[in-house]
Every structure is written in structure tokens, then in C-alpha cells.
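Okay, here's what each chain looks like letter by letter:
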Amino acid sequence: MPQYKAPIRDIQFVMHELLNFEAHYDALPAYAGTNRELIDGVVEAAADFCENELSPINHSGDQEGCHFDNGVVTTPKGFKEAYKKYIDLGYPSMSVPVEHGGQGLPGSLGNAVSEMVGTANWSWGMYPGLSHGAVRTVEHHGSPEQKELYLSKLVSGEWTGTMCLTESHAGSDLGIIRTKAEPNADGSYSITGQKIFISAGEHDLADNIVHIVLARLPGAPKGTKGISLFIVPKFNVNADGSVGTRNNVVCGSIEHKMGIHGNATCVIVFEEAKGFLIGPENKGLNCMFTFMNTARIGTAVQGLSASEGAFQGSLAYAKDRLAMRSLSGPKAPEKEADPIIVHPAVRNMLLTQKAFAEGGRALVYFLSQFADVVEVAEDAEQRKAADDMLSLLTPIAKAFLTETGSESAKHGVQVYGGHGFIAEWGMEQIVRDTRIACLYEGTTEIQALDLLGRKVLSTQGAMLRNFTKIIHKFCEANAGNPAMAEFLQPLAELNKEWGDITTRIGMKAMQNPEEVGAAAVDYLYFSGYVTLAYLWARMVSVSLEKLAGDTTERAFYDAKVKTAQFYFKKLLPRTRSHVATIDTGLEPLMTMDVDQFAF
Ligand SMILES: Cc1cc2nc3c(=O)[nH]c(=O)nc-3n(C[C@H](O)[C@H](O)[C@H](O)COP(=O)(O)OP(=O)(O)OC[C@H]3O[C@@H](n4cnc5c(N)ncnc54)[C@H](O)[C@@H]3O)c2cc1C
């Protein structure tokens, strides 16, 4: 079972050398003073907590799973104690504004903590992760009274939160949910309905659970325009903020599922439960997007975590495991066989995991800087520009990093050979735990439609151009450096091609809108590979500069350049197949009648 080791040096590389977080924070008055010492202190302390408290209960939590007994859910051994420590260390309040009882640290710094929590123990991390989204929803859309009643306990971690959207017949299509909200004379609402697949919906970690629930008011318009958002606590909250009587919210059962066994996935039944409208009537989905966007970046982190975790395990195993000899002659003649890391096919898997983990980290942290600007920048234009970038990059990060995380996890099993299939080695758990990331928070197909349809085509390419211009400028600025040529040439070509394929799809979509559905997933992959290529090229630029100077870390920077070379030569050519598939369009998908699929 691999023990998690936080990749502190790589996190520091991304935060300090690639993205200059200190300067980024200095430019935002709300975060000024978040200096390198503070950043490193937070990262190192969180690394210690994740390595020593969360990683040791990751495998046992998977094996034991959650227990359900007549509506009561008990989490696996050690989860409650780790949660208590997490609260005592102040993590839940870290990136909440001071006026809401938080420490006011940047969300992007919280993101670094989330990465380590997620890699050490994703199932456990979902409990505080969902609360974080609930905090943001109440913070942004709650009335002053709601903030007063719910925020302080959520922020301290004494209570946790959930996100109750899905119903048995409605997941991707929330426009057809049926849960009802009837107004009461006292201004509250009676919520009736059943939600399924509610993560952290019931557990023994906290004194109260605040459900954030989508439901319909009487006479509400059909579809997504008739959905409102409600706070429904497990225990009613007294006027003084203390926990009161039990509300009519019960956990009907927990799911037996492929992975994330340590996290309770619950059926939550509301029977005239007392709820409170949050945000305007029928605007629930808009408000919920605050929660969902946070959760989507969080899910992108899950993909990065899977790549990192699978890579750590695979690398240790590949250095140790002996099998056959290198084709060019023994590399460890003193041993009875060579370690498998000598074999090109094994290196291919390891380097793929490494390129996705380090590239994914760069993407998530890059994205989190835009999220900071949206959150606290004083200038409205700056906030709008950052919001546009965040809108474009979120579906790419969510879907691409979760799919590549799944691929890395699959390679993890393969590197371990038959042992990869055996539970005690830990690799099969990563495959099972991370597979859900491609499904929840909008499946890959839904993210792809969001990217191509809503973000790119419906803005006539404006959002995309904002980003391709940044890539173009980067290529121009580095054009004079011959050592960068091998990266800049393919990057510049693909950057241009991004615009060209968008135009081609757009033209076809004018004839038949289904062309968008046919192209979207390949388009998303293409976008993901180009986005990571841009970030890898930037990492090379930083590394070459360091290598040209007087550094004691030559091997580290040289490894960055070599990983980038691998990425550009072995992974980036996958874009060609995506372009070819996009260009064959809709027709091969739709000519078959439904009756012809099977005889
Ligand atoms: C472990 C787990 C935890 C979860 N946690 C939560 C939670 O905390 N809160 C919550 O509310 N929900 C949660 N969910 C629900 C999750 O978000 C949904 O399962 C997910 O959004 C997909 O919805 P669905 O299952 O109804 O699939 P469907 O919407 O039925 O989709 C089925 C398939 O059709 C595809 N599809 C559907 N429409 C289109 C389209 N227009 N174009 C192309 N393809 C399409 C989908 O991509 C998918 O492949 C969780 C689910 C699981 C399994």
C-alpha cells in the first residue's frame, strides 16, 4: 500500500516559479501579505496532516466502508478523529472571508490543501469539500439572517453541508426534478421529495448537516427556469444558533458502489421538511452554480490527485520490481533481472502519469488564480475578464483532468502487473475511487457540451479567443529562444488549429445543431491537450531559465524539460486523432436506426 508523500517541491515550483503566487496575491488587496513564508507554511503543515492522518486511513476506509443502520450512518474507523483534528487545525475556515468568521486566506491556497487532502484520501476529503461549497452558497446568496444562523457553524466545521440536486429520474437534466416546496405561513417552506446519490448526506462527523436543496415552488415554470434553492437542516436551528429538534429529513439508505467507499452516498428523503428559500424564487439553478463551480474545480483536483497518487505508487514499484532484461542488455547485472523501469513500455506509462499529474497541477493552480480574481478583485472589468477565463477553463479542467486521472490510475494497475489487481497494493482503489470523477459534477459529455456549445460557440468564439491570444503572445514572446522551438512550433500550430476546428464545427452546426453533440467530446480532449501543452511550454521556459543560471537543482529542472518533451512527442499527437474524428462529423453516428443496434 503506497504511503502518500506530498509533492511539496512541485507544488512550490508551480506556486512560486511558474505562477508567482506571491505577486498574484500582492495585486489583490484582500490577499496582500500572503507571502512566500505563509504559503510554504500552509503547504508544509497540510502535507504533514495529509501524510500522517489521512493517508493511513485511506485503504482501511475503502475496505471497511460506511455503515448504515436504520437511518444512522457511521463512517469508517479513524474518519471522525481525523475530522476533529482537521477542525482543530482550522482548515474549514481557511479560505472563508474574515467577515464570515474565516481566516480570509486565498481560495487558491485552499486549493493546494485540497490537492493534498484529495490524493491522501479522497473519500474523507469529500466531507469537508461539500461543506466548502455550502459555505460559498450561503455566503453569496443567503439573507443576513441565514448567514447569521448557518455560516459560523459551517465555517468552523462543526456542521457540514451537502448538495442535493439529483433525483432518481434526473441527474444531468435538472430541469425535470420533482421535489416540491410548499410555502408555510411563517415564511418557511415544506420540502417533500427524494434525492439520490447525495454525497456526505448522512454521517457521524458533525452535529448537524445543512442540505442545500433544489425544489419547485407551486406553479413554477417548467424546466430549469422553475427551480428554487432551499436550506434544509437535518436538525432545525434555534434562534440562538443552537441545534434544535429533528427536521423531517432522513437517510433512506446508502449506496453500495464501485469506489469512494469511505464517503456515504445517500438517498435523502424529505417529508414536509422545514426549509428556507435561499436566493430569489425560480433562480435556484443560478445560485446553485456557485456551489457547482466550486465543486467542479474540486473535481478537477480529484483527477489531478488520481494521476499523482497512481504515479507515486507506480514509480516506487517500477524501481523495485524485477522482470526480464532490458532489450539492449542487462542494466542491473548483479540482480536476477532488471527493474521494470528499464522497459520503454513501462516508462511510457510512468511518464504519462507524471506528465498528467504535473501538467494537471499547473492547470488547477492556474485556474485557481482566476477564481481568486473573480472572488476579490476590486475592479469590475478585471473580475469579468477572469470570470470569462474561468468559465472557459472549468469544463476543460473538470473533464480532461478527470479522464486523464482515470487513465493514469489504469496505468497504475498495469505497472503493478497482477498485483495491481489486488486490493492490498492500493492501485485498484485509485481506479475505483476516481472513476466517479468523470460522472459527477456534470459528466464528461455534459462538460463537453458546456465547453463547445455555451462557452465557445454561443460567444461566437470570444471566450476562446481570450485564451488563444494569451497562448499566441506567449509563443511570440519566446520565439527568439531556439531551445523553446521544439515546443513553440507545435503549440502555435495547435493554437491556430483550435480556432480553425471551432469555425468548421460552427459552420456545420448552422446546418445541423447535432454536429455540436457529435464533436463536443473530441473537442474537449483537443482543448485539454492544447491547454496542458501551453502550461508545459511555460514550465519549460521557467526551467530553461533556471538551468542557464546557477542552480543546485539541475536534475529537477532538467526533468521538467524531459517530461515536457515526452508530453509533446508522445501525448500531444493524440490531438491529431481528435481532429480527424471531429472532421468526420455527425453522419457515422446517426445513420443507424435505433432498431438496428441489435438483432
Ligand atoms: C458516488 C456519487 C456521488 C454523487 N454525489 C452527488 C451529490 O452530492 N449531489 C447530487 O446532487 N448528485 C450527486 N451525484 C449524482 C451525479 O451528479 C449524477 O449521477 C450525474 O450528474 C449524472 O446524472 P445521471 O446519473 O442521472 O446520468 P444521466 O443524466 O442519465 O446520463 C446518462 C448518460 O447519458 C449521457 N448524457 C445525458 N444527456 C446527454 C446529452 N445531452 N448529451 C450527451 N450525453 C448525454 C451522460 O453523459 C451519461 O453518460 C452523485 C453520483 C454518484 C454516483
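Preceding this paragraph is the structure being described.
The sections below set out a description of the structure shown in this document. (Residues numbered from 1 in each chain as written. Predicted model: local features only at pLDDT ≥ 70, side-chain atom pairs only at ≥ 80, totals over all residues. Heavy atoms only, no water.)

## Quick notes on the site of the ligand
Link 1 in the chain: Met163, Thr166, Ser172, Phe197 and Thr443 are the nearest of the 19 residues found near the ligand.
Link 2 in the chain: A distance of 2.6 Å is found between a nitrogen atom of the ligand and a side-chain nitrogen or oxygen belonging to Thr166.
Link 3 in the chain: Within the contact set of the ligand, an oxygen atom lies 3.3 Å away from a backbone nitrogen or oxygen of Gly171.
Link 4 in the chain: For the ligand, the accessible surface in isolation is 970 Å², of which the surrounding protein chains cover 64%.
Link 5 in the chain: Among the residues making up the shell around the ligand, the classes are represented as eleven nonpolar, six polar and two charged. (Near = heavy atom within 4 Å. Polar contact = N/O pair within 3.5 Å; in protein donor to acceptor, adjacent residues only side chain to side chain. Areas by Shrake-Rupley, 256 points an atom, 1.4 Å probe, with all protein chains shown as cover. Nonpolar A, V, L, I, M, F, W, Y, C, P; charged D, E, K, R; others polar.)

## Observations concerning the nonpolar core
Link 1 in the chain: Residues Met15, Trp124, Leu491, Tyr523 and Tyr567 are the most contacted members of the largest nonpolar core, which totals 166 residues.
Link 2 in the chain: Apart from residues lying up to four places away in sequence, Trp124 is in contact with Phe49, Leu54, Ile57, Phe79, Ala82, Tyr83, Tyr86 and Val117.
Link 3 in the chain: Counting residues in each nonpolar core, the second largest holds 15 residues, with Val415, Tyr416, Met427 and Ile430 among its members. (Core = buried A, V, L, I, M, F, W, Y, C linked by side-chain atoms within 4.5 Å. Buried < 20%, exposed > 50% of the residue type's maximum accessible area, 1.4 Å probe, protein only. Contact = heavy atoms within 4.5 Å.)

## What to know about empty space enclosed by the protein
Link 1 in the chain: Within the structure shown, the criterion is met by one cavity of 30 Å³ or more.
Link 2 in the chain: Looking at the largest cavity, its volume works out to about 50 Å³.
Link 3 in the chain: What lines the largest cavity is simply Arg504, Ile505, Lys508, Glu515, Ala519, Ile582, Asp583 and Gly585.
Link 4 in the chain: Every element with two or more residues in the lining of the largest cavity is listed here: helix H15 (485–511), helix H16 (514–548) and helix H18 (574–583).
Link 5 in the chain: The element that contributes the greatest number of residues to the lining of the largest cavity is H15, accounting for three residues.
Link 6 in the chain: The class makeup of the residues in the lining of the largest cavity is three nonpolar, one polar and four charged. (1 Å grid on protein atoms, 1.4 Å probe; cavity = no way out; pocket = protein on both sides within 12 Å on 5 of 7 lines; lining within 4 Å. Points joined across faces, edges and corners; volume = space filled by probe spheres on them. Helix = DSSP H or I, 4+ residues; strand = E, 2+ residues; numbered from the N terminus.)

## Here's the deal with the pattern of salt bridges
Link 1 in the chain: Counted according to the given criterion, the structure contains 27 salt bridges.
Link 2 in the chain: A salt bridge links Glu375 to Arg136, with the nearest nitrogen and oxygen atoms 3.1 Å apart. Of this pair, Glu375 sits in helix H10 (residues 344–376) while Arg136 sits in helix H7 (residues 122–141), placing them 239 residues apart in sequence.
Link 3 in the chain: The buried category is assigned to Arg136, whose relative accessible area is 19%.
Link 4 in the chain: For Asp186, the salt bridge identified is with Lys274, shortest N-O distance 3.2 Å. A residue pair is termed long-range when its members are at least 10 positions apart, and Asp186 in the loop between strand S4 (180–183) and strand S5 (189–199) and Lys274 in strand S11 (residues 265–278) qualify at 88 residues.
Link 5 in the chain: One salt-bridge network, held together by shared partners, links Asp10, Glu115, Glu308, Lys354, Glu358, Arg361 and Lys560. (Salt bridge = Lys/Arg side-chain N within 4 Å of Asp/Glu carboxyl O.)

## With respect to the layout of surface pockets
Link 1 in the chain: Estimated volume of the second largest pocket: approximately 340 Å³.
Link 2 in the chain: As for the second largest pocket, its lining consists of 24 residues, and the residues nearest its centre are Asn58, Thr119, Ala120, Gly309 and Ile430.
Link 3 in the chain: Among the elements of the structure, helix H4 (58–64), helix H6 (107–120), helix H9 (284–320) and helix H12 (427–435) are those that each provide at least two residues to the lining of the second largest pocket.
Link 4 in the chain: No other element matches the five residues that H9 contributes to the lining of the second largest pocket.
Link 5 in the chain: Of the residues assigned to the lining of the second largest pocket, the class counts are eight nonpolar, 15 polar and one charged.

## Brief notes about the side chain of Thr434
Link 1 in the chain: Relative to the assigned elements, Thr434 resides in helix H12.
Link 2 in the chain: If we ignore the near neighbours within four places in the chain, the residues touching Thr434 are Gln302, Ala306, Gly405, Ser406 and Ala409.

## A look at the pairing of S4
Link 1 in the chain: Judged from the four bridges that link them, S4 and S5 form a sheet pairing that is antiparallel. Bridge assignment links Pro183 to a residue of S5, and that residue is Tyr189.
Link 2 in the chain: Between the antiparallel neighbours S4 and S5 lie five residues, among them Gly187 with a positive phi of about 95 degrees. (Pairing = 2+ DSSP bridges.)

## Focus: H6
Link 1 in the chain: Taking 1.5 Å of rise per residue, the 14 residues of H6 would be expected to cover 20 Å, and the 20 Å separating its terminal C-alpha atoms lies within 8% of that figure.
Link 2 in the chain: Of all 14 residues in H6, twelve are buried; the element is thus mostly enclosed.
Link 3 in the chain: Of all the residues in H6, the buried ones are Ser108, Leu109, Gly110, Asn111, Ala112, Val113, Glu115, Met116, Val117, Gly118, Thr119 and Ala120. (Expected span 1.5 Å × (residues − 1).)

## With respect to helix H1 (residues 8–18)
Link 1 in the chain: When you tally the buried positions in H1, you get nine out of eleven residues, the bulk of the element.
Link 2 in the chain: Looking at the packing, one finds that the buried side of H1 touches helix H2 (21–26), helix H3 (36–54), H6, H10, H16 and helix H17 (554–571).
Link 3 in the chain: A positive phi of about 45 degrees marks Asn20, the residue just after H1.

All we've got here are geometric facts, nothing functional implied.
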